[in-house]
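# Structural description and commentary
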Amino acid sequence: ALDTIPAPGTIRVKEGVYSESITFPSDNMIILQSINGDSLTTIIGDNNLSTVTGSNSLEGTTLEGFTISHNPTDNGSGIDISGGYLNIDNCTISNNFSAISGGGIYNVGTLTITTSTISSNSDAHYGGIYNDNVGTLTIIGSTISYNSAHYGGIYNHGTLTITTSTISHNSSTDRSGGGIYNRGTLDITGSSISSNSTTKYGGGIYNHDGCTLDITTSTISNNSAIYGGGGICNDGTLIINGGSTISGNTATTYGGGIY
């Protein structure tokens, strides 16, 4: 259907398990929508391929109501956006592993994630989401949790906006930034960054040298770091606006709350 639909439109998919990797066309705006939601409709990607690929997809291209996964011993990102646009609505991206980049999602396009869950993904380097240096990522009303890698929850090298979302129980091994590693521009509003951990700096968030982190009406709590900045480790520009709470964070050496 993705290959043959003649004009922009919606493809509706019956419940079931679909064992294949799929690619959105670059010359057509498609809404791929499950009829009965992500709990009943799963796409399991092929080994050594991403489950869903978007390459220069047109604005408005949407994936709605699917679980995106891989078989336990297989390799491949859940979603790979190498350019263009994609909206992810009411999806679960879980149990993916990539040896290259972004266990759950790799993005160098314009990606919007709404009311979705990215969980239990892993990677040699980037666990939940890798937003590369030309990527624009917006996360709304979603949960990023239980992802693990050198950089656990989200590695941002582009522009990232997080609103009314939860980043929790992610872990970073041998790198900084258990919940989020920011190497670009990051705005967080009305969200919770909690119970993330790292073996180095920034259990909740690590903000890289020369980068900007702006937090508004959000909670940074119960995160932990071995070296410094249990809640936040800041090497760049950090702005914490009114209505925010930094509490219950721990670090073995420097700055339980903020270093």
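Residues numbered from 1 in each chain as written. Predicted model: local features only at pLDDT ≥ 70, side-chain atom pairs only at ≥ 80, totals over all residues. Heavy atoms only, no water.

## Structural notes on the overall build of the chain
- Each helix and strand in the chain was counted, giving 0 helices and 36 strands.
- In terms of overall dimensions, the chain is globule-like: its C-alpha atoms have a radius of gyration of 18 Å, near the 18 Å expected for 259 residues.
- Its C-alpha atoms give the chain principal-axis dimensions of about 60 × 35 × 30 Å.
- Taking all 259 residues of the chain together, the buried fraction comes to 50%. (Helix = DSSP H or I, 4+ residues; strand = E, 2+ residues; numbered from the N terminus. Rg over C-alpha atoms; globule rule 2.2 N^0.38 Å. Buried < 20%, exposed > 50% of the residue type's maximum accessible area, 1.4 Å probe, protein only.)

## Side note on the sheet that holds strand β33 (residues 232-234)
- Judged by pairing direction, the sheet is parallel, and its 9 strands sit side by side in the order β3-β6-β9-β13-β17-β21-β25-β29-β33 without closing on themselves. Unpaired on one side and paired on the other, β3 (22-24) and β33 mark the two borders of the sheet. The sheet shows a mean angle of 5° between the axes of neighbouring strands, direction not considered. (Pairing = 2+ DSSP bridges. Axes fitted to C-alpha atoms, helices over the stretch in contact; angles between N-to-C directions.)

## Some points on the packing of aromatic side chains
- Counted under the stated rule, the structure contains 12 aromatic pairs.
- These aromatic residues form a ring-pair network of at least three members: Tyr106, Tyr126, Tyr130, Tyr151, Tyr155, Tyr181 and Tyr206. (Phe/Tyr/Trp six-rings, centres within 6.5 Å; stacked < 30°, edge-to-face > 60°.)

## Focus on the layout of surface pockets
- Put simply, the largest pocket is a space of about 240 Å³.
- Breaking the lining of the largest pocket down by element, the ones donating at least two residues are β1 (9-13) and β3.
- A class-by-class count of the residues in the lining of the largest pocket yields 9 nonpolar, 1 polar and 2 charged. (1 Å grid on protein atoms, 1.4 Å probe; cavity = no way out; pocket = protein on both sides within 12 Å on 5 of 7 lines; lining within 4 Å. Points joined across faces, edges and corners; volume = space filled by probe spheres on them. Nonpolar A, V, L, I, M, F, W, Y, C, P; charged D, E, K, R; others polar.)

## Describing the pairing of strand β10 (residues 85-89)
- What you see with β10 is a clean split: Leu86 and Ile88 sit on the buried side and Tyr85, Asn87 and Asp89 on the side with no burial.
- As judged from the 3 bridges shared by strand β7 (residues 62-64) and β10, these two strands associate in the parallel manner. The residue of β10 that forms the bridge with Thr62 is Asn87.
- As paired elements, β10 and strand β14 (residues 110-114) share 5 bridges and run parallel to each other.

## As for the nonpolar core
- Counting 40 residues, the largest nonpolar core has Leu63, Ile79 and Ile205 as the members making the most contacts within it.
- If near-sequence neighbours (up to four positions away) are discounted, Ile205 is found in contact with Ile180, Leu186, Ile188, Ile193, Leu213, Ile215, Ile220, Gly231, Ile232 and Cys233.
- Judged by nonpolar contacts, the second largest core, of 9 residues, contains Tyr126, Tyr130, Tyr155 and Cys233. (Core = buried A, V, L, I, M, F, W, Y, C linked by side-chain atoms within 4.5 Å. Contact = heavy atoms within 4.5 Å.)

Any link to function would need more than the numbers given here.
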